[in-house]
Every structure is written in C-alpha cells, then in structure tokens.
Amino acid sequence: MQNIPKNIILLISIIIGIIVLYTFSTKTMSGKEILFSDFMDIVESGQMLNVTIKGNQISGQTNTNETFITNTPRYYNDLVPQLYKRGVRFNVESTEANGLLFAILSSWLPIILIIGVWIFFMKQMQGGNKIMGFGKSRSKMLDEDAKRFTFDDVAGIEESKEELDEIVEFLRDPSKFEKLGGRIPTGVLLVGEPGTGKTLLAKAIAGEAQVAFFSISGSDFVEMFVGVGASRVRDLFAQARENAPGIIFIDEIDAVGRHRGAGLGGGNDEREQTLNQLLVELDGFNGNEGVIVIAATNRPDVLDSALTRPGRFDRQVVVPKPDINGRQKILGIHTKELKLAEDVDLKKIAQATPGFTGADLANLANESALIAARQNKKTIGMVDFEEARDKVMMGKERRSMIIPDDEKKTTAYHEAGHAIIAAMLDEVDPVHKVTIIPRGRALGLTMLLPEDDKYSQKESQLRGILMMMMGGRAAEELIFNHFTTGASNDLERATSIANRIVCNWGMNKEIGPIHLSASGDEVFLGRDLMRKRNISQSLANKIDKEVSKIVNTAYQKTMKVLKDNINILHKVSQKLLEQETITGQEILDILGKMQGAHQ
Ligand code: ADP
Ligand code: MG
Ligand code: ZN
C-alpha cells in the first residue's frame, strides 16, 4: 500500500521535469518580441549589430543594446542576403544541437513512459500489494503475533482444547506420527458462534506448537477479478508448504465454501473456481507435510458438502459458548491486568452473564475499566461491572432523556407487571432488578437472574416466560385500560416462542410432535426458495389457531394474577416511580409483606 503513493510521486516528478526541460529548451532566446516586419525595418535601418538564427526564430541585438526576437516566415529566403547587405554579424544555431536532450526525450519519452508504467505494474504484482497483487495470496504470516497466544489464553472451552491437543502434538513432532504410519487430519473445522474464540484458538495452536501461522479470511478469496481467488489459494498453500510445519487458517470459510450452484441468478463462477481450487489443494496434501489447515465458520450448515468429506475438513471441533465456570475463567483472563476492588466477585458476574461469549466477556471487562476510569476511581468495583453488563446487554442508559410523567407512570406499571409475574412464578428465573431509566431503545427493563445455564426448557417454563412477557401489557390494560406501543417487543418475542412451541418443539397436542421448520432460518440464496413448502393450507390454519390460543391463554392467566394482586402492582409501581430502579429483593419484600397482611 505504501508503495503506491511513492511510485506515483516519482512518476509525477519525472513528468514535471520533462515539462520544465521542454520549456527551458524552447525559451533559450529571450528578448522583446516584435513583429517580423518591425524586425526587418530595424535591420534595414542599420541599427542591428548581431543576429542569431535558430530555426524559425531570430533574435537581434541593436546598437542601443536592446534585444528583439521574432519568428521568420517559413519560406523567407531573403533573410540571409539582407543581413549580408547590411553587414550584420550573424550566427546560425542548429536547432538539433540546442535541444539535443529534448530531442532525445521527445522521441523516446513515450517509450520510456510505457516501460516505466509496465515496470510499475510488474513491481506491484510481485510485491503482493493489496490492490495490484491480484494473484498473490493475501495471507499474513503471523509468526510472532500468533506465537504470543497459548492455550492458557483460551478458557472455558476445555473440550475443544482437548480435541485440538492432538494437532499441536503433531505439529510439534510430525515424525512421531509418521513412524506409526497414522494419518493425521489435514483439515480441522472450528464451528461456533461469533466471538466464541475460534480465531484465538487457531492462533493458540500455532503458539503452542511454535509453528508458522498463515491466516486469511474467506472473503479475501472472493474478488472482483475472475481467477484471482483460485490463484490466491494456490499461492497460500505453496507458501505454507515452504514454511512447514505450519498452520493455514481460513477464517470465515463460509464466504468461499458455500454450496455450489446455490446462488440466485446464475451463481458465482468465481467463488466456485476458488472453492474447487481449495478442494484440489486439500486433496494434494498427504498429511505428512506438516501443514494443517484450520478453518472457522459460524455457518457450518451452508458449507458445501465436498468440503466436509473425509480427507478434507473431516474433523469438526465445536467451540461452544462458555458455561458459568467457563465464563468465570475467561473473566479471570481478561481481568488479570485490571485493578479490581475487593468486592469484585467474578463468580457472581459469570452468573449474571448467561449467553455471553468470550468476546462479550472481554468487552465487558474492558467496558467496566472504562466506566471506572471515567469516574476517576482507583480500582474497578462491582458496580462498574454491573453497569458495564447492562450497557453491553441493553445499550447505554439514557438518563438525560426527558419522559413525560404520564408515560413514566405507564412504564412503571408495565415493568412492575413483568416483575411481579416473574417474582411470583416458580418457573421463571428470579428478578434481578427493575428499572424505568431508559436504556438503548427500551423505556424500562426487567432483568432476570438465571440461576444456572439452561440447555433445554420444560413446557411449563416456557408458559411461565410467556406470562412474564405478557405482564407488561396486562398491567397497562388493567390500570389504564388503554394500550401503548411499548409492549410490541414483548408481544413479538412471546409470539415467536408460542410459534416454536407449536412448530419446532412439538409441544402442542393438536398439531402433535412434528417439526415444521417454516420459521427461524433465514432464506439461504436460491436453495431455500426452491424448496417446496411442505405444509398444507389446513395445517397452516391450525397452526395459527394454536399459536394464538397459547398466547391468549397466557394473557388471560396473567391478567388474573395481576388483578388478584393489584395492591402489590400499585406498590411496586409506586416504588419504581420513587426510586427509578429497584432490586429483586425489594420486590420480594413487598410481596412478602402484602401477602402476609392479606392472610
Ligand atoms: P471468533 O473468531 O470465534 O469470532 P475470536 O477468537 O475473534 O472469536 O474472539 C475475540 C476475542 O474474544 C478474543 O481475542 C479474546 O480476547 C476473546 N475471547 C473469545 N473467546 C475466548 C476464550 N474462550 N477465552 C479467552 N478469551 C476469549
Ligand atoms: Mg474470528
Ligand atoms: Zn415489556
């Protein structure tokens, strides 16, 4: 990249130099420009002493020491005889001689320029330059960088690490495996959601084994020039073979490895060529060359099946989201360099961050340090982590947003509705806190605190969650008897759960245990469009009916619970309006007191 401006500057300065030369070589004659007839008049009058003739130009010096220049008519042959007649000393300068350099340049310039431009392009192509290095792989040799990571930098995905241990062993000492005659996998596919640490893992393997690391992203292969991707693949593998033992890491391989022939409108020939070349290179390995190809993707479902065939990326290593212990360990890694206050409990933070990936947690740790720094604190406290978590999850607090009182009241009842249902139902996670401070796009929030990670959910839990989601809207209807748009997100999520209860999880008696995957997956280019819809109209109607029944039942039940506990609803809303944020414990206190008073 840096080469380009330098070369362009060079080119421009050459051109400027030529122009300067040109102007100088033509401007060797100086003096006052006059008409030819006036010039000849001066000659006739005998006042001209010296005359210099140069091509069409003549300059003359008079006895008063003035210099005049003018141009002669092309076929004016009487000039010399006239000068003789008047006894003027004159001199003829060769036009060739005066501009020798210029003459050479002017005839050779085009050729020199063409050669220059040609050399310029050749240089760019060889240099692996980003713009002009079409055919060269864009891989980066991350020797030093990658070697800085080891398995110690990766936490919470112990099983994935164990599976990759074998690869590290092989890279450390390929001969050990060769002696036994075993076939080592040539391709490993890391599968996991974004941010789970796939890239980090690949680097850590290189670091553990202390081998060369070539990394390239799938999208680097897909270029506007046909054939570039394929030649990049060839080049990448050639480079890696030269530097064996080593790792080729292809990040986001789905960009190049999608099903062939899946594109709408003719497909992408370039991508297919690249993919074919990749397959060829993978087949060319006999495994004992000491090069291992690691690829990462978060969409294994869209990969071409040829890629995952034996002998290619036949080993899949799933990189899952970390569980609670994993999160604690990852937090440990990312807070190692931070100055933490005494009260910071990483286990508690891990508990409060279900579903966070490694990248989310790294972000959380960094964010809390920033929050503490902004307040000029010496150490990072638990409150900063709390604040950072809410910010990462829900967007920044918008304290300055001015909300009319009646809207605030509606929000308070809405959130109180959510919170009370969540607090009362055993199937729903306990309430962590409730707030009516706007955050991100939400006017208020009810946060739950999962007690442990959930891998599957019972139907009763889902129905509890549905009721919790309905709590906001039901409270609004109960108290104000009007609806606001604030509940639209709740309703959307509730409907989606109800839909999956019926279509994906087979929990509905009318429909039965059938998986009807009509929703959810995004349409993948042409393939899914071509797929026939395998649901009959009558079944579709039935589904719609059941979904709406589930949602409406949940709403009615929620309404009844809130009606029976309307005093609690008033009390919690009141407290929310006073304090803006209340904790789960405070809600439990209110619940306990009011229910106790009742009996
Ligand atoms: P992916 O490639 O799966 O999208 P990355 O490897 O790019 O995720 O992760 C981004 C960052 O998140 C890493 O650089 C690291 O700081 C952090 N991270 C992710 N997973 C982990 C983990 N398991 N242990 C420690 N840090 C992690
Ligand atoms: Mg990545
Ligand atoms: Zn709500």
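Residues numbered from 1 in each chain as written. Chains lettered and ligands numbered in written order. Predicted model: local features only at pLDDT ≥ 70, side-chain atom pairs only at ≥ 80, totals over all residues. Heavy atoms only, no water.

### Re the overall build of the protein
- Regarding its fold elements, the protein presents 24 helices and 14 strands.
- In the protein, which comprises 599 residues, the proportion classed as buried is 43%.
- Considering only residue pairs separated by 6 or more positions, the protein has 74% of its internal contacts joining residues 24 or more positions apart.
- About 32,500 Å² of surface is accessible on the protein, with carbon and sulfur atoms providing 53% of the total. (Helix = DSSP H or I, 4+ residues; strand = E, 2+ residues; numbered from the N terminus. Buried < 20%, exposed > 50% of the residue type's maximum accessible area, 1.4 Å probe, protein only. Contact = heavy atoms within 4.5 Å. Areas by Shrake-Rupley, 256 points an atom, 1.4 Å probe, with all protein chains shown as cover.)

### Side note on a nonpolar patch on the surface
- Residues Ile104, Trp108, Ile111, Ile112, Ile115, Trp118, Ile119 and Met122 make up a contiguous nonpolar surface patch of about 800 Å² in total accessible area.
- Positionally, Ile119 belongs in helix H5 (residues 100–126).
- Residue classification places Ile119 among the partly exposed positions, given a relative accessible area of 43%. (Patch = residues over 30% accessible without salt bridge, like charges linked within 9 Å, V, L, I, M, F, W, Y side chains within 5 Å. Salt bridge = Lys/Arg side-chain N within 4 Å of Asp/Glu carboxyl O.)

### Some words on the nonpolar core
- In terms of nonpolar packing, the biggest core is built from 49 residues, with Ile543, Leu562, Leu569, Val572 and Ile587 touching the most fellow members.
- For this core, the secondary structure elements donating two or more residues are helix H18 (405–424), strand E12 (431–435), helix H19 (459–480), helix H20 (488–503), helix H22 (537–564), helix H23 (566–579) and helix H24 (584–598).
- Residue contacts for Leu569: discarding those within four places in its chain leaves Tyr413, Ala416, Gly417, Ile420, Ala475, Leu478, Ile479 and Leu562.
- Counting residues in each nonpolar core, the second largest holds 27 residues, with Val154, Leu171, Ile292 and Ile294 among its members. (Core = buried A, V, L, I, M, F, W, Y, C linked by side-chain atoms within 4.5 Å.)

### Re the coordination of the zinc ion (ligand 3)
- Note on the zinc ion (ligand 3): its protein donors are His414 (NE2), His418 (NE2) and Asp490 (OD). The metal-donor distances range over 2.0 to 2.1 Å.
- Mapped onto the sequence, the donors of the zinc ion (ligand 3) take the spacing H-x3-H-x71-D. Note that His414 is positioned in helix H18 and Asp490 in helix H20, a separation of 76 residues in sequence. (Donors = N, O, S within 2.8 Å, 3.2 Å for Na, K, Ca; no water.)

### Quick notes on the pattern of salt bridges
- As enumerated under the stated definition, the model contains 18 salt bridges in all.
- Across the pair Asp283 and Arg312 runs a salt bridge whose closest N-O atoms are separated by 2.7 Å. One end of the pair, Asp283, is in helix H13 (residues 269–284); the other, Arg312, is in the loop between strand E10 (291–297) and strand E11 (315–318), and 29 residues separate them in sequence.
- Residue Arg312 is classed as buried on the basis of its relative accessible area of 6%.
- A salt bridge links Glu386 to Lys433; its shortest N-O distance comes to 3.9 Å.

### Overview of the packing of H18 against H23
- It is the contact of H18 with H23, at a shortest axis distance of 8 Å, that shows an interaxial angle of 125°. When the axis of H18 is compared with that of H23, the two are oblique. In terms of crossing hand, the pair formed by H18 and H23 is right-handed. Together, Lys408, Lys409, Ala412, Tyr413, Glu415, Ala416, Gly417, Ile420 and Met424 of H18 and Ile568, Leu569, His570, Val572, Ser573, Leu576 and Leu577 of H23 make up the contact between the two elements.
- Split by residue class, the contact of H18 with H23 holds ten nonpolar, three polar and three charged. (Axes fitted to C-alpha atoms, helices over the stretch in contact; angles between N-to-C directions. Parallel < 35°, antiparallel > 145°, perpendicular 65-115°, else oblique. Left-handed = near helix turned anticlockwise from the far one by under 90°. Nonpolar A, V, L, I, M, F, W, Y, C, P; charged D, E, K, R; others polar.)

### What about the site of ligand 1?
- By nearness alone, 16 residues border ligand 1, and Ala155, Gly195, Lys198, Thr199 and His334 come closest of all.
- Here Thr199 contributes a side-chain N or O atom positioned 2.6 Å from an oxygen atom of ligand 1.
- The separation between an oxygen atom of ligand 1 and a polar main-chain atom of Ala359 is 3.5 Å.
- For ligand 1, the protein covers 78% of the area, taking 560 Å² as the surface of the free molecule.
- Contributing elements (two or more residues each) for the shell around ligand 1: helix H9 (198–209), helix H14 (324–334) and helix H16 (358–374).
- Within the shell around ligand 1, the residues separate by chemical class into seven nonpolar, six polar and three charged. (Near = heavy atom within 4 Å. Polar contact = N/O pair within 3.5 Å; in protein donor to acceptor, adjacent residues only side chain to side chain.)

### Regarding the sheet that holds strand E14 (residues 581–583)
- Spatially, three strands are ordered E13-E12-E14 in an open sheet, and the strand pairing comes out antiparallel. At either margin of the open sheet sits one strand with a lone partner, and together these are strand E13 (445–448) and E14. Each strand of the sheet is rotated relative to its neighbour by a mean of 15°, with strand direction disregarded.
- As paired strands, E12 and E13 are joined by four bridges and run antiparallel to one another. Bridging across to E13, Val434 finds its partner in Thr446.
- Across the sheet, H18 lies against E12 and E13, angled at about 170° from E12, the strand it touches most. (Pairing = 2+ DSSP bridges.)

### Structural notes on the environment of Gly192
- With respect to the helices and strands, Gly192 occurs in the loop between strand E7 (187–191) and H9.
- Once the C-alpha coordinates of Gly192 and Val317 are considered, the two residues, 125 residues apart in sequence, prove to be 8.6 Å apart.
- Ignoring any residue separated from it by four or fewer positions in sequence, one finds Gly192 in contact with Lys198, Thr297, Asn298 and Val319.

### Quick notes on the sheet that holds strand E5 (residues 89–93)
- Spatial ordering of the open sheet is given by E1-E4-E3-E2-E5, a layout of five strands whose pairing is mixed. Only two strands of the sheet have a single neighbouring strand rather than two, namely strand E1 (32–33) and E5.
- Two elements, E1 and strand E4 (residues 67–71), share two bridges in a ladder whose sense is parallel. Looking at E4, one finds that Glu33 is bridged to Ile69.

### Some thoughts on helix H7 (residues 158–172)
- Spanning 15 residues, H7 covers 20 Å between terminal C-alpha atoms, matching the ideal 21 Å at 1.5 Å per step.
- Roughly 30° is the biggest bend found in H7, and it falls at Leu164.
- All of the buried residues in H7 are Ser160, Lys161, Leu164, Ile167, Val168, Phe170 and Leu171.
- Packing partners of the buried residues in H7 comprise helix H8 (174–180), E7, H9, strand E9 (246–251), E10 and E11. (Expected span 1.5 Å × (residues − 1). Bend = angle between axes of the 7 residues up to and from the residue.)

### So, the confidence of the model for the protein
- Of all residues in the protein, 84% have pLDDT values of 70 or greater, and the mean over the chain is 81.
- Ignoring residues within four places in sequence, the model shows residues 128–135, a span with pLDDT below 50, making 22 contacts including any to other chains. (pLDDT = per-residue confidence, 0-100.)

### Quick word on the side chain of Gln277
- Here Gln277 is to be found in helix H13.
- Setting aside anything within four residues of it in sequence, one finds Gln277 in contact with Ala230, Val233 and Arg234.

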